[in-house]
Amino acid sequence: LSKYKRGGKRVVVIDVPLLFETGGDKNVDATLVVSCSRETQRKRVLERVNMTEEKFEGIRKLQMDDDEKKKRATHVINTDCSREETTQAVKKILKSILSTLD
C-alpha cells in the first residue's frame, strides 16, 4: 500500500479474504463488506469448480460472523440483488470516498 501512496494513487482497492479475522483492517483507511444471505452465499460458492459442501463449511468456520463484519465495516453492500444494482452500489460508495479526498 505504501508503494501506491508514494506513487500518488488516491484510492487503492484490495481484495483480502479474512481481512477482519487477521487484523488487516487496521492497515487501511476504509473497509467494504459485500454481504448476502447464507442461502445465496452457499448457492454461489457451490457453483464454483471443485467446490464441495465440506470445503464450503470449512471456509465458513474460518470467517467472522457476517453481522460482526458489517458492524466493523466502513461500507456494506448487500448483493442479494442484480449485478446491475450491485454495480450501482459500488459506484455510489466510490463516489462518496472520492468526494472526501477533494
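Every chain is numbered on its own, with residues counted from 1 as its sequence reads. pLDDT decides what is reported in this predicted model: residues at 70 or higher carry local features, side-chain atom pairs at 80 or more are listed and counted, and totals for whole chains, interfaces and linings draw on all residues regardless. Values reported for side chains reflect all heavy atoms of the structure, with hydrogen atoms and water molecules removed beforehand.

S.K.: Looking at this structure, I do not really get the confidence of the model for the protein. What am I missing?
M.R.: In low-pLDDT segments, the atomic positions of the prediction should not be examined closely. Here pLDDT means the predictor's own confidence in every residue, given as a number from 0 to 100. Scored by pLDDT, the protein has a mean of 93; 100% of the residues are at 70 or more. Secondary structure elements are taken from DSSP: a helix is a run of H or I of four residues or more, a strand is a run of E of two residues or more, and numbering for both begins at the N terminus. The element-level mean pLDDT for the protein is lowest in helix H1 (residues 2–6), coming to 83, with strand S2 (residues 75–78) highest at 97.

S.K.: Can you walk me through the packing of aromatic side chains in this structure?
M.R.: Each pair of aromatic rings is reported with the distance of its centres and the angle of its planes. Two rings from Phe, Tyr or Trp (for Trp, the six-membered ring) form a pair when their centres sit within 6.5 Å of each other. Planes less than 30 degrees apart are called stacked, planes more than 60 degrees apart edge-to-face, and all others tilted. What the rule picks out here adds up to 0 aromatic pairs. Consider the ring centre and the ring normal. A charge sits over the ring if Lys NZ or Arg CZ is within 6 Å of that centre and within 35 degrees of that normal. We note Lys3 situated over the ring of Tyr4; from NZ or CZ to the ring centre the distance is 5.1 Å.

S.K.: Help me understand the environment of Lys92, please; the structure alone is not making it clear to me.
M.R.: Position of Lys92 relative to the elements: it lies in helix H5 (residues 83–101). The spacing of Lys92 and Val28 is 64 residues in sequence and 20 Å in space, taken between C-alpha atoms.

S.K.: Explain the environment of His75 to me, please; I cannot follow it from the model alone.
M.R.: Tracing the chain through its elements places His75 in strand S2. Here the alpha-carbon distance between His75 and Leu32, two residues 43 residues apart in the chain, equals 4.5 Å. Setting aside chain neighbours within four positions, we find His75 in contact with Ala30, Thr31, Leu32, Val33, Ile93 and Ile97. By definition in these notes, contact holds between two residues if any of their heavy atoms fall within 4.5 Å.

S.K.: Where do I start with the pairing of S2 in this structure?
M.R.: Moving residue by residue along a regular strand, the side chains alternate between the two faces of the sheet. Accessible area is worked out with a 1.4 Å probe on protein chains only. A residue is then buried under 20% of its type maximum, exposed over 50%, and partly exposed in between. Side chains of S2 alternate between two faces, with His75 and Ile77 buried and Val76 and Asn78 left unburied. Should DSSP find at least two bridges between two strands, the strands are taken to pair. When strand S1 (residues 32–35) meets S2, the two strands line up parallel, connected through 4 bridges. Residue pairing in the sheet places Val33 in a bridge with Val76 of S2.

S.K.: Is there a simple way to explain the pattern of salt bridges in this structure?
M.R.: Any two side chains of opposite charge can pair, on the condition that their charged atoms come close. Within this document, salt bridges are pairs made up of a side-chain nitrogen of Lys or Arg and a carboxyl oxygen of Asp or Glu, the two lying within 4 Å of each other. Overall, the coordinates contain 6 salt bridges when judged by the stated rule. With a closest N to O distance of 3.7 Å, Lys70 and Asp67 form a salt bridge. With Lys70 and Asp67 both in helix H4 (residues 66–72), this residue pair falls 3 residues apart, about one helical turn. Given a relative accessible area of 30%, Lys70 falls into the partly exposed group. By sharing partners, the salt bridges in this structure join Asp66, Asp67 and Lys70 into a single network.

S.K.: Is there a simple way to think about helix H2 (residues 38–46) in this case?
M.R.: Owing to its 3.6 residues per turn, the α-helix aligns residues three or four sequence positions apart on the same side. Listed in full, the buried residues belonging to H2 are Thr40, Gln41 and Val45. Considered in projection along H2, the buried side chains sweep an arc of 125 degrees and stay on one side of the axis. The exposed residues of H2 that point more than 90 degrees off its buried face are Glu39 and Lys43. Against helix H3 (53–62) lie the buried residues of H2. The arc in question is formed by the directions pointing from the helix axis toward the C-beta atoms.

S.K.: Sorry if this is basic, but what is going on with the packing of H2 against H3 here?
M.R.: Any two packed helices are characterised by the angle at which their axes cross and by the distance between the axes. The geometry of H2 relative to H3 is characterised by a closest axis approach of 10 Å and an angle of 130 degrees between their N-to-C directions. Here H2 is positioned oblique relative to H3, judged by the angle of their axes. Taken as a pair, H2 and H3 cross one another with a handedness that is right-handed. Each of Arg38, Gln41, Arg42, Val45 and Leu46 in H2 lies in contact with H3, whose residues at this interface are Glu53, Phe56 and Arg60. Residues are grouped as follows: nonpolar covers Ala, Val, Leu, Ile, Met, Phe, Trp, Tyr, Cys and Pro; charged covers Asp, Glu, Lys and Arg; every other residue, Gly included, is treated as polar. Tallied by class, residues from the contact of H2 with H3 come to 3 nonpolar, 1 polar and 4 charged. Note on method: axes are straight lines fitted to C-alpha atoms, helices fitted across the in-contact stretch only, with angles between N-to-C directions ranging 0 to 180 degrees. The labels follow the angle: roughly parallel below 35 degrees, roughly antiparallel above 145, roughly perpendicular from 65 to 115, and oblique for the rest. Left-handed is the label given to a crossing in which the near helix is rotated counterclockwise from the far helix by less than a right angle, and right-handed is the label when the rotation is clockwise.

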